[in-house]
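Residue-level structural notes
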Amino acid sequence: MAFARPRFLDGVELVTASYRDRAFPVHTHDGYVVGTVIEGAEALRVRGRTYTVSRGDALLLHPHEPHANRSLGREALRYRVFYLPVAAIAAPAREEDAPLAFPSPVVSDPVLAHRIAALHAQLSRAPDDRLAQQSALAMLVGALIDRTAREVVRLPAGGDVARAVRDWIDEHFAEDFGLADLAALTGLSVFRFAHVFKACTGLSPMAYRNQCRVNAARRLLLAGQPIADVALQVGFADQSHLTRRFQRIVGVSPQRYRQQ
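Sequence order as written defines the numbering, with residues in each chain counted from 1. Thresholds applied to this predicted model are a pLDDT of at least 70 for local features of residues and 80 or more for the giving and counting of side-chain atom pairs; totals over whole chains, interfaces and linings are not thresholded and use all residues. Excluded from the side-chain calculations are hydrogens and water; all other atoms, namely the structure's heavy atoms, are used.

1. With respect to the overall build of the chain
- Secondary structure summary: the chain contains 10 helices and 10 strands in total.
- Seen along its three principal axes, the alpha-carbon backbone of the chain occupies a region of about 65 × 40 × 25 Å.
- Relative accessibility under 20% of the residue-type maximum defines a buried residue, over 50% an exposed one, and the middle range a partly exposed one, all with a 1.4 Å probe and only protein chains included. Within the chain, the proportion of its 260 residues that are buried is 46%.
- Pairs at least 24 residues apart make up 72% of the contacts formed inside the chain by residues separated by at least 6 positions.
- Method for areas: the Shrake-Rupley scheme with a 1.4 Å probe, in which residue coverage is limited to the protein chains shown. Counting only carbon and sulfur atoms, one obtains 50% of the accessible surface of the chain, whose full area is about 13,200 Å².
- Positive charges come from Lys and Arg, negative ones from Asp and Glu, while His and the chain ends are left out of the count. We put the charge of a Lys on NZ, of an Arg on CZ, of an Asp on CG and of a Glu on CD. Put simply, the chain has 32 plus and 26 minus side-chain charges, and the middle of one group is 6 Å from the middle of the other. By definition, any uninterrupted DSSP run of H or I lasting at least four residues is a helix, any uninterrupted run of E lasting at least two residues is a strand, and each is numbered from the N terminus. We call two residues in contact whenever any of their non-hydrogen atoms come within 4.5 Å of each other.

Put into structure tokens, the structure is as follows:
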């Protein structure tokens, strides 16, 4: 088993596991447990039932919920799991965000399972960047909220909110800020703000910030500034970070862009 702890997500752990013939006795976790099986299967004993969890299923446990699990069959069990402290979700939330509640600890939902695996992988390799890490967590919580059978809360239209934050990012894109900093400008919770911003702009706050950085880089590159200097000026960690983002958005490397 391997554990990763994103720097800007206090207490959040990412677990990647692969094993055969292993069992865990009844135990609990302080926070939410959200995961999915990539290969193989396991037996999960929780809430008086034994569930078989396999590929395409999502595992959703509440804090302090007793459970036991063991691998099944001869194939290696591989899974990805988030350990999410209550504070990681509740601290930035406001009254309009009720606590997460999972009617069933195991759901057969390939779309959600794929989303969990993809966000786990994304967060595992995310740069040491507050906005990137907090945005990935917000997307995970958003997916969980969409899946649970909770009362739907109406979102504000949000046009003015999104526009104001977009204008702020236009001025501060090179600075180090997180999702919570942006939400604080609006009076919304982190997760609600992330939802409203994307619904109104078509981009996540991180994607919009990266777009601003790349647009600024294009101008500086065409002005003849060195690529390494440009990367730092627009807020990227280094030249390679700029190159990855630039090529993804523009379609060519900064060097080729400038040459063309």
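Resuming the write-up.
2. Some details on the environment of Val196
- Here Val196 lies in helix α6 (residues 190-201).
- Overall, the relative accessible area of 2% leaves Val196 in the buried class.
- Along the backbone, Val196 and Val161 are 35 residues apart, and their C-alpha atoms lie at a distance of 8.2 Å.

3. Section: the pairing of strand β5 (residues 41-46)
- Among the 6 residues of β5, 5 are classified as buried, and the element is accordingly described as predominantly covered.
- Bridge count for β5 against strand β6 (residues 49-54) is 6 bridges, and the pairing is antiparallel. Among the inter-strand pairings, Ala43 is bridged to a residue of β6, identified as Thr52.
- Linking two consecutive strands that pair antiparallel, namely β5 and β6, is a turn of 2 residues; a positive phi of about 55 degrees is found at Arg47 within it.
- Sheet topology note: the β5/strand β8 (residues 67-72) ladder contains 6 bridges and is antiparallel. Counted as the bridge partner of Ala43 is Arg70 from β8. A pair of strands is treated as paired once DSSP finds two or more bridges between them.

4. Let's talk about the sheet that holds strand β3 (residues 23-27)
- Taking strand neighbours across the sheet as the criterion, the 4 strands line up as β3-β8-β5-β6 in an open arrangement whose pairing is antiparallel. Of all the strands in the sheet, just β3 and β6 have a single pairing partner and so form its edges. Ignoring which end each strand starts from, the neighbouring axes of this sheet average 20 degrees apart.
- Direction of pairing for β3 relative to β8: antiparallel, over a ladder of 3 bridges. Looking across to β8, one finds that His27 is bridged to His67. The angle between two axes is taken between their N-to-C directions and runs from 0 to 180 degrees, where each axis is a line fitted to C-alpha atoms and a helix contributes only its stretch in contact.

5. Thoughts on the pattern of salt bridges
- A pairing counts as a salt bridge when a side-chain nitrogen of Lys or Arg comes within 4 Å of a carboxyl oxygen of Asp or Glu. A full pass over the atoms with the stated rule returns 8 salt bridges.
- Here Glu13 ties to Arg5 by a salt bridge, and the two come within 2.8 Å at their closest N and O atoms.
- Note on Glu13: relative accessible area 18%, which makes it buried.
- Taking the shortest distance from any N to any O, the salt bridge between Asp176 and Arg130 comes out at 3.6 Å.

6. Description of the side chain of Asp57
- Relative to the assigned elements, Asp57 resides in strand β7 (residues 57-61).
- Looking at Asp57, the relative accessible area reads 9%, which means it is buried.
- Two N or O atoms form a polar contact when they lie within 3.5 Å of each other; inside protein one atom must be a possible hydrogen donor and the other a possible acceptor, and for residues adjacent in sequence the pair counts only when both atoms belong to side chains. At 2.9 Å, the side chain of Asp57 forms a polar contact with the backbone nitrogen of Ser54.
- The residues contacting Asp57, other than those within four sequence positions of it, are Gly35, Thr36, Val37, Thr52, Val106, Val107, Ser108, Asp109 and Ala113.

7. Here we look at α6
- Taking 1.5 Å per residue as the helical rise, α6 with its 12 residues ought to reach 16 Å, and the 16 Å between its terminal C-alpha atoms agrees with that figure.
- Among all positions in α6, only Val190, Phe191, Arg192, Phe193, Ala194, Val196 and Phe197 are buried.
- Of the residues flanking the end of α6, it is Gly202, one or two places downstream, whose phi is positive at about 80 degrees. To estimate the expected span of a helix, count its residues, drop one, and scale the result by 1.5 Å.

Any functional reading would require information beyond the geometric quantities listed.
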